[in-house]
Amino acid sequence: MQKETTKKKIIFMLINMNIGGTEKALLNMISEIPTDEYDITILMLEEYGGFLNYIPKEGIKVLYVEGYEYIKDLYNNPPRKEAYKYLTECKIMESVGVIFFHFISKVIRDRSFFLKYVLRNIPILDNYYDAAIAYAGPMDLISYFVLNKIRAKKKAQWIHFDVTKIDLNKEFIYKMYRKFSKVFVVSNEGKDKFLSVLPSFENKVEVIRNIVSPNQIMKQAKSGKSFDDEFDGVRILTIGRLTSEKGQDLAVKALRKLIDNGYNVKWYCIGDGNSKGKYENLVKDNKLENQFVFLGAIPNPYGYLDKCDIYVQPSRHEGYCISIAEAKCLNKPIVTTDSIGAKEQIKNGINGLIVKAQEDEIYKGLVNLINDKKLCNYFKENLSREKIINYPEINKLLSYLN
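Residues numbered from 1 in each chain as written. Predicted model: local features only at pLDDT ≥ 70, side-chain atom pairs only at ≥ 80, totals over all residues. Heavy atoms only, no water.

All right, on to the overall build of the protein then. Along the protein, the regular secondary structure elements total 16 helices and 13 strands. In terms of overall size, the protein behaves like a compact globule, its C-alpha atoms giving a radius of gyration of 23 Å where 402 residues would be expected to give roughly 21 Å. Along the first, second and third principal axes, the C-alpha atoms of the protein reach 70 × 65 × 40 Å. Pairs at least 24 apart in sequence give 70% of the contacts found in the protein among residues at least 6 apart. Of the roughly 19,700 Å² that the protein leaves accessible, carbon and sulfur atoms contribute 47%. Each charge sign in the protein was given a centre, from 60 positive and 50 negative side chains, and these centres are 3 Å apart. (Helix = DSSP H or I, 4+ residues; strand = E, 2+ residues; numbered from the N terminus. Rg over C-alpha atoms; globule rule 2.2 N^0.38 Å. Contact = heavy atoms within 4.5 Å. Areas by Shrake-Rupley, 256 points an atom, 1.4 Å probe, with all protein chains shown as cover. Lys, Arg positive; Asp, Glu negative; His and termini not counted. Charge placed at Lys NZ, Arg CZ, Asp CG, Glu CD.)

Printed below as a string of structure tokens:
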């Protein structure tokens with residue numbers, strides 16, 4: 001008689017299912033985890049995002065933090081603003097509490113003191129898990145929640161960004177991350193950057209690169225929307241949140257130089273974010289309303305990616321850019337800035353171009369590709385020979401779980 005096996009229970013926590021690289025990476029990862037062996041749960045702070053409908057209906061449980069809507073402003077807004085709001089509502093004790101716990105956390109240099117106050121009314125999750133992973137990282141609320149509100153045998157932190165490029169409280173991060181059994185980073189260079197900040201974590205950090213599925217991308221490219229204008233020049237595409245670190249402002253300025261020098265190009269931008277208004281004004285200031293097109297957040301961008309002529313990633317910093325990996329799957333000529341993880345995906349001059357995160361350098365890279373069709377074809381041929389193998393990355397995660 002065959003012995004019945006018990007599924008291992010794993011829970012991933014992130015903010016929401018907004019359309020972005022972190023969320024896409026998680027969806028790709030869970031699609032590779034065998035659901036007959038693992039009971040997978042996704043826990044989010046809020047029910048929001050264009051990728052919500054892309055979560056598999058079978059084999060995946062979805063949970064949301066109960067009561068997050070009541071603490072969202074308290075967590076995200078300046079404490080003085082929240083304290084004043086409580087005062088206007090005649091909630092004196094709440095106002096005093098915000099200021100007190102924020103002040104004490106500053107004095108003792110430990111933000112977890114304030115986070116404990118923020119989450120004081122949020123209950124601990126009922127279930128017990130084999131592993132709990134703070135997948136959105138570094139984000140202090142997610143990390144604290146996983147450590148203090150989820151019961152699990154193992155707990156891990158996932159890092160998606162260059163920690164040297166963000167405002168990081170090293171003392172606080174050290175106090176929290178030492179409680180995790182593992183810290184996963186999405187690129188070798190990202191690991192080096194992390195250890196340059198927290199060298200004592202050498203034996204705790206492991207690299208698991210973001211996963212893409214070439215077959216799924218090619219399938220979605222056939223069904224996804226694509227360009228519907230009649231432009232007959234060179235189509236350039238960029239995918240990413242409209243934020244400073246993604247560098248779309250560099251793209252606008254590089255496009256201005258291309259137009260000024262007589263190139264028949266049009267730049268399309270897929271994504272949304274808090275810098276959208278700023279970038280739209282930059283486009284207007286440069287009189288590029290007809291040449292730089294904001295397409296918005298699109299859950300399935302692969303129809304556009306398949307039909308573009310050149311893909312550009314102008315980021316100031318990354319962890320391991322999943323959009324570059326996706327562009328590679330469709331054999332697109334690529335220009336990327338030298339952010340973390342770029343050299344682990346692109347061999348400069350072999351399957352793409354790596355340039356500095358400067359408008360002039362992006363412009364020069366594009367000119368090389370636009371003027372040299374043989375170089376574009378050379379990149380395409382080399383990309384078509386590459387094989388993407390996901391099982392080593394998934395095996396690292398499964399090894400940790402087991």
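The term disulfide refers to a covalent linkage connecting the sulfur atoms of a pair of cysteines. Scanning the entire structure with this criterion turns up zero disulfides. Cysteine 308 carries a free sulfur, and the closest cysteine sulfur to it, the one in cysteine 376, is 11 Å from it. Look at cysteine 308 and you get buried, because its relative accessible area is 2%. Just so you know, cysteine 321 is unpaired, no disulfide at all, and the nearest cysteine sulfur is the one on cysteine 329, 12 Å from it. Look at cysteine 321 and you get buried, because its relative accessible area is 6%. (Disulfide = S-S within 2.5 Å. Buried < 20%, exposed > 50% of the residue type's maximum accessible area, 1.4 Å probe, protein only.)

Per the counting criterion, the structure on display carries 21 salt bridges. The partner of glutamate 82 in a salt bridge is lysine 85, and the shortest N-O contact between them spans 3.2 Å. On the criterion of helical spacing, the pair formed by glutamate 82 and lysine 85 is a turn pair, its members being three residues apart in helix H3 (residues 79-88). For glutamate 82, a relative accessible area of 2% corresponds to the buried category. (Salt bridge = Lys/Arg side-chain N within 4 Å of Asp/Glu carboxyl O.)

So, on to the sheet that holds strand E7 (residues 205-207). Pairing in this open sheet of seven strands is parallel, and the strands run E3-E2-E1-E4-E5-E6-E7 from one edge to the other. Every interior strand has two partners, whereas the edge strands, strand E3 (60-64) and E7, have only one. Neighbour-to-neighbour, the strand axes of this sheet turn through a mean angle of 25°, independent of strand direction. Inspection of the sheet shows strand E6 (residues 182-185) paired to E7 by three bridges, in the parallel sense. Its bridge partner being in E7, valine 183 is matched across the sheet by valine 205. (Pairing = 2+ DSSP bridges. Axes fitted to C-alpha atoms, helices over the stretch in contact; angles between N-to-C directions.)

To continue, consider the side chain of histidine 317. Here histidine 317 shows up in the loop between strand E11 (310-313) and helix H13 (322-329). In this structure histidine 317 touches Asp162, Lys165, Ile166, Glu245 and Ser339, once residues within four positions along its chain are discounted.

In contact at an axis separation of 8 Å, helix H10 (residues 248-260) and helix H14 (residues 359-371) are set at 55° when each is read in the N-to-C sense. Taken together, the axes of H10 and H14 lie oblique to each other. Regarding H10 and H14, the two cross each other, and that crossing is right-handed. Contacts between H10 and H14 involve Leu250, Lys253, Ala254, Lys257 and Leu258 from the former and Glu359, Asp360, Ile362, Tyr363, Leu366, Val367 and Ile370 from the latter. (Parallel < 35°, antiparallel > 145°, perpendicular 65-115°, else oblique. Left-handed = near helix turned anticlockwise from the far one by under 90°.)

Turning next to the packing of aromatic side chains. If you walk through the whole model with that rule in mind, you get 18 aromatic pairs. Between phenylalanine 12 and tyrosine 135 the ring centres are 6.0 Å apart and the planes differ by 85°, which places this aromatic pair in the edge-to-face class. Separated by 123 residues along the polypeptide, phenylalanine 12 in strand E1 (residues 8-14) and tyrosine 135 in the loop between strand E4 (128-134) and helix H6 (140-149) bring together distant segments of the chain. Both residues of the pair, phenylalanine 12 and tyrosine 135, count as buried. A ring pair is formed by phenylalanine 51 and tyrosine 54, whose centres lie 5.8 Å apart and whose planes are at 75°; its orientation type is edge-to-face. By relative accessible area, which is 2% here, phenylalanine 51 ends up buried. (Phe/Tyr/Trp six-rings, centres within 6.5 Å; stacked < 30°, edge-to-face > 60°.)

The next subject is the pairing of E11. Two faces belong to every sheet, and in a regular strand the side chains alternate between them. The side-chain alternation of E11 yields two buried faces, one formed by Ile310 and Val312 and the other by Tyr311 and Gln313. Taken together, the two bridges between strand E8 (residues 234-239) and E11 define a ladder with parallel strand orientation. Counterpart to isoleucine 236 in the pairing with E11 is isoleucine 310. Examined bridge by bridge, E11 and strand E12 (residues 334-337) share three bridges and lie parallel to one another. Across the sheet, the residue bridging to valine 312 is valine 335, located in E12. Between the parallel elements E11 and E12, the chain passes through H13 in a crossover that is right-handed. (Right-handed = clockwise from strand over helix to strand, strands pointing away.)

Together, Tyr84, Leu87, Ile92, Val96 and Phe100 make up a nonpolar patch on the protein surface, roughly 520 Å² of accessible area in all. A total of three residues in the nonpolar patch trace back to one element, the largest contributor, which is helix H4 (residues 92-107). (Patch = residues over 30% accessible without salt bridge, like charges linked within 9 Å, V, L, I, M, F, W, Y side chains within 5 Å.)

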